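Below, each chain spelled out in residue letters.
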Amino acid sequence: DDDSYGAFLDYDAAPCHNHFCPLFQRVAPPFLAVTCAMATLGTVALLVALVKRPQAWQWPQSRALVAQLALGMGLFAALLPALAAGIAWGWHLGTGLCRLTHLLWHWSLFAQALLVASGSWGSTWAHWDPQSRRLAVALWAGALLLATPAALASGTVAGTGCVRRSVGILSPAYVLHLALSLSLLLLLPAGLLVGTLVGLCQRASWRAGGGASWVFFGLWAPYGVALAVEFLLHARLLEPTCGTFESFDHALGLSEGLGVLHCGLGPPLLLLIRLC
């Protein structure tokens, strides 16, 4: 959803034509609508299972952890209809609501990353007690704080598009947002993986099905890599050419679409692992 560098860029004295935007406007709305429908059905089924069979949800797929993951995926999915409509017919809700949408989008995203990570380090979520409640409040508040730079860097373009970056690539708000995104989507899972291999994390949780939550990191890691490459290209740390930008647009869009799928695939996967 980032077309902020426009359709024409002058590299090598030739105009660069962005062919991705028309494709994005055709494909993104139905994709987001289908993903939202999948996420809604899956999240409702997951919540029903949590209510009807609370005793079935034990560590590492504990009820406290899975309920918060469902909340995060539900919040993420609830934003998809507005984004789909904005892409299809233009964003007419103003810059304020655009930034609020991106704030909630990244809040849910970062909260899920912290939830999956916290579930890998110990059995805090095994019981919903004062300790786990304090952790939940701190985690969600921290995720909201970490999502604030995303809201400051986003905005509208020409009054018709709600984009994730309406500021310069080197602006403090975007650089901070990029650093936080890479930390949570790439460095955090890498650290957890190393911790699991050397025995610092709970290996038993993987054998008991806790690794299912790591699908979240698997789906979002390509987007984190794409964000890093995008920064290097726009900051001229990698040699930019028309062909590079035109092909990279598609890679960035596909990686973001892959990450969006987490809210549709996550609930049925958690249910499947628990049923099996």
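Quick notes on the rules
Every residue gets a number counted from 1 within its own chain, in the order that chain's sequence is written. Residues qualify for local features only when their pLDDT is at least 70, as the model is predicted, and side-chain atom pairs are given and counted only at 80 or more; totals for whole chains, interfaces and linings, by contrast, use all residues. To obtain the side-chain values, all non-hydrogen atoms of the structure were used and water was disregarded. Pairs of cysteine sulfur atoms within 2.5 Å are identified as disulfides in what follows. Runs of E in the DSSP output that reach at least two residues are strands. Runs of H or I that reach at least four are helices, and both are numbered from the N terminus. Note on method: axes are straight lines fitted to C-alpha atoms, helices fitted across the in-contact stretch only, with angles between N-to-C directions ranging 0 to 180 degrees. Working rule for angles: under 35 degrees goes down as roughly parallel, over 145 as roughly antiparallel, 65 to 115 as roughly perpendicular, anything else as oblique. The crossing is said to be left-handed when, going from far helix to near helix, the turn is anticlockwise and less than a right angle, and right-handed when the turn is clockwise. For this analysis, residues touch if any pair of their heavy atoms sits within 4.5 Å. Polar here means any residue outside two lists: the nonpolar Ala, Val, Leu, Ile, Met, Phe, Trp, Tyr, Cys and Pro, and the charged Asp, Glu, Lys and Arg; Gly therefore counts as polar. The criterion is simple. A nonpolar core is a set of buried Ala, Val, Leu, Ile, Met, Phe, Trp, Tyr and Cys residues joined through side-chain atoms within 4.5 Å. Relative accessibility under 20% of the residue-type maximum defines a buried residue, over 50% an exposed one, and the middle range a partly exposed one, all with a 1.4 Å probe and only protein chains included. UniProt positions are given in the numbering used here, feature names are shortened, and annotations may be inferred rather than shown by experiment.

1. What about the state of the cysteines?
Piece 1. If you walk through the whole model with that rule in mind, you get 1 disulfide.
Piece 2. Two residues, cysteine 98 and cysteine 162, share a disulfide whose sulfurs are 2.1 Å apart. Measuring the twist about the S-S bond at about 95 degrees, one finds the cysteine 98-cysteine 162 disulfide to be right-handed. Linking cysteine 98 in helix H4 (residues 94–121) with cysteine 162 in strand E4 (residues 161–163), this pair joins segments that are 64 residues apart in sequence.
Piece 3. Left unpaired, cysteine 263 is separated from the closest cysteine sulfur, that of cysteine 36, by 7.4 Å.

2. Brief notes about the packing of helix H1 (residues 20–52) against helix H3 (residues 80–89)
Piece 1. The N-to-C vectors of H1 and H3 enclose an angle of 160 degrees; their axes lie 9 Å apart at closest approach. Classified by the interaxial angle, the pair formed by H1 and H3 is roughly antiparallel. Seen along the crossing, H1 lies across H3 with a hand that is left-handed. Of the residues in H3, those in contact with Phe24, Gln25, Ala28, Pro29, Leu32, Thr35 and Cys36 of H1 are Leu80, Pro81, Leu83, Ala84, Ile87 and Ala88.
Piece 2. By residue class, the composition of the contact of H1 with H3 is 11 nonpolar, 2 polar and no charged.

3. Concerning the nonpolar core
Piece 1. Grouped together as the largest cluster of nonpolar side chains are 65 residues, with contacts concentrated most on Trp57, Phe76, Leu80, Trp105 and Trp220.
Piece 2. Among the elements that make up this core, the one with the highest residue count is H4 (10 residues).
Piece 3. In contact with tryptophan 105, other than residues within four places in its own chain, are Phe76, Leu79, Leu80, Leu83, Trp220, Glu256 and Val260.

4. With respect to the environment of proline 267
Piece 1. With respect to the helices and strands, proline 267 occurs in helix H10 (residues 262–275).
Piece 2. In this structure, the C-alpha to C-alpha distance between proline 267 and leucine 69, residues 198 residues apart in sequence, is 8.7 Å.
Piece 3. The contact partners of proline 267, leaving out residues within four places of it in the chain, are Gly42, Thr43, Leu46, Met73 and His262.

5. As for the UniProt feature "transmembrane region" (unreviewed entry) in the protein chain
Piece 1. Per the UniProt annotation, the sites labelled "transmembrane region" (unreviewed entry) are residues 31–52, 64–91, 103–123, 135–154, 174–200, 212–233 and 253–273.
Piece 2. Across residues 135–154, helical content stands at 95% and strand content at 0%; the span's end C-alpha atoms are separated by 29 Å.
Piece 3. In residues 253–273, the share of helix is 95% and the share of strand is 0%. The end C-alpha atoms are 30 Å apart.

6. What about the packing of helix H8 (residues 215–234) against H10?
Piece 1. It is the contact of H8 with H10, at a shortest axis distance of 10 Å, that shows an interaxial angle of 165 degrees. Considering the angle they form, H8 stands roughly antiparallel to H10. The interaxial crossing formed by H8 with H10 has right-handed handedness. Note on element contacts: H10 touches H8 through His262, Leu265 and Leu269, opposite Val215, Phe216, Leu219 and Trp220.
Piece 2. Tallied by class, residues from the contact of H8 with H10 come to 6 nonpolar, 1 polar and no charged.

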